[in-house]
Amino acid sequence: MRRLTLALAACLLAGCHNPSPETARQQTARLRASFEQHRTAYLRSVEDASRLVPETLAWLDGPAVSHSRAIALSEARTLTDNWARIYFVPRTMHGQLRFDRYTSQPVQAAQQRVLDLLRRSYFELHEYQRYCQYAAESGLHAASPGRLPPQLEEFRRRLRAHPPFADGIYPLLDALSAHP
C-alpha cells in the first residue's frame, strides 16, 4: 500500500494526472486571456504585413531599379522600419507567452501550436526586414543600373510566392474553446 501511495504521489507531483474538466476550462480561458491582451496589435500586424507585401513589390519593381539611388535607398530604409515594426509584434508575443504553463493536454498542445505559428511568423518577417536592410545599407550599390542584386531578386520571388498573411491564432483558440 505504501508503494502505491508513493507512486501515486510521485505521479501527481510529476503532472501525470488529467485535470478536471473545470480546470481545463479555466486553463483554456487563461490561454485565451493571455492572447487577448495582444489581439489588437497582432491583428493590426497581420493587416500591415498584408499591405506591406504589395508596397514592397511595387518598390522592387519600380523605384529600386528605375529611380535615383538616393530615392531608392530612402524608400528601402522606410520599408526596413515598417517590416521591423511588424516583426516585433509576434516576437514580443512569443517572448511573453512562452513561459505560461498548463496541465491540460489540449491546452498545452494549442499553446505549442500558437507559439510555433508566432515563431515562424517572426522569423519570416525578420527575414523580410533584413532584405530591406541589405538594400538600404549596400545591396543597391552592388547592382548595375536598372537591375536588382541577386539577393533582392530572391526577395521579390519570395514575396510573390507568399500566400496572403492571415490570422492563424484566433481560429485555433476558438476551436479549443469550443471543445473544452
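Residues numbered from 1 in each chain as written. Predicted model: local features only at pLDDT ≥ 70, side-chain atom pairs only at ≥ 80, totals over all residues. Heavy atoms only, no water.

Some thoughts on the packing of aromatic side chains
What describes a pair of aromatic rings is the distance from one ring centre to the other and the angle between the planes of the rings.
Part 1: Evaluation of the coordinates by the stated rule reveals seven aromatic pairs.
Part 2: Between Trp83 and Tyr128, the ring centres sit 5.1 Å apart and the planes meet at 75°, which makes this aromatic pair edge-to-face. Linking Trp83 in helix α5 (residues 69–97) with Tyr128 in helix α6 (residues 105–137), this pair joins segments that are 45 residues apart in sequence.
Part 3: On the basis of relative accessible area, Tyr128 is assigned to the buried category, the value being 1%.
Part 4: Of the aromatic side chains, those joined through ring pairs into one cluster are Trp83, Tyr128, Tyr131 and Phe155.
Part 5: Stacked on the ring of Tyr170, the Lys or Arg Arg39 has its end atom at 4.2 Å from the ring centre. (Phe/Tyr/Trp six-rings, centres within 6.5 Å; stacked < 30°, edge-to-face > 60°. Helix = DSSP H or I, 4+ residues; strand = E, 2+ residues; numbered from the N terminus. Buried < 20%, exposed > 50% of the residue type's maximum accessible area, 1.4 Å probe, protein only. Lys NZ or Arg CZ within 6 Å of the ring centre and 35° of its normal.)

Some details on the pattern of salt bridges
Between side chains of opposite charge, a pair can form when the charged atoms approach closely.
Part 1: Enumeration according to the criterion identifies 12 salt bridges in this entry.
Part 2: Arg32 is the partner of Glu36 in a salt bridge, and the nearest nitrogen-oxygen pair spans 3.7 Å. Here the residue Glu36 and the residue Arg32 both occupy positions in helix α2 (residues 21–36), the gap between them amounting to four residues, near one helical turn.
Part 3: Judged by relative accessible area, which is 33%, Glu36 ranks as partly exposed.
Part 4: Salt-bridge contacts for Arg156 lead to Asp61; the nearest nitrogen and oxygen are separated by 2.6 Å. Remark: Asp61 occurs in helix α3 (residues 39–61) and Arg156 occurs in helix α7 (residues 150–161); sequence separation between them is 95 residues.
Part 5: One connected set of salt bridges, linked through shared partners, spans Arg32, Glu36, Arg39 and Asp174. (Salt bridge = Lys/Arg side-chain N within 4 Å of Asp/Glu carboxyl O.)

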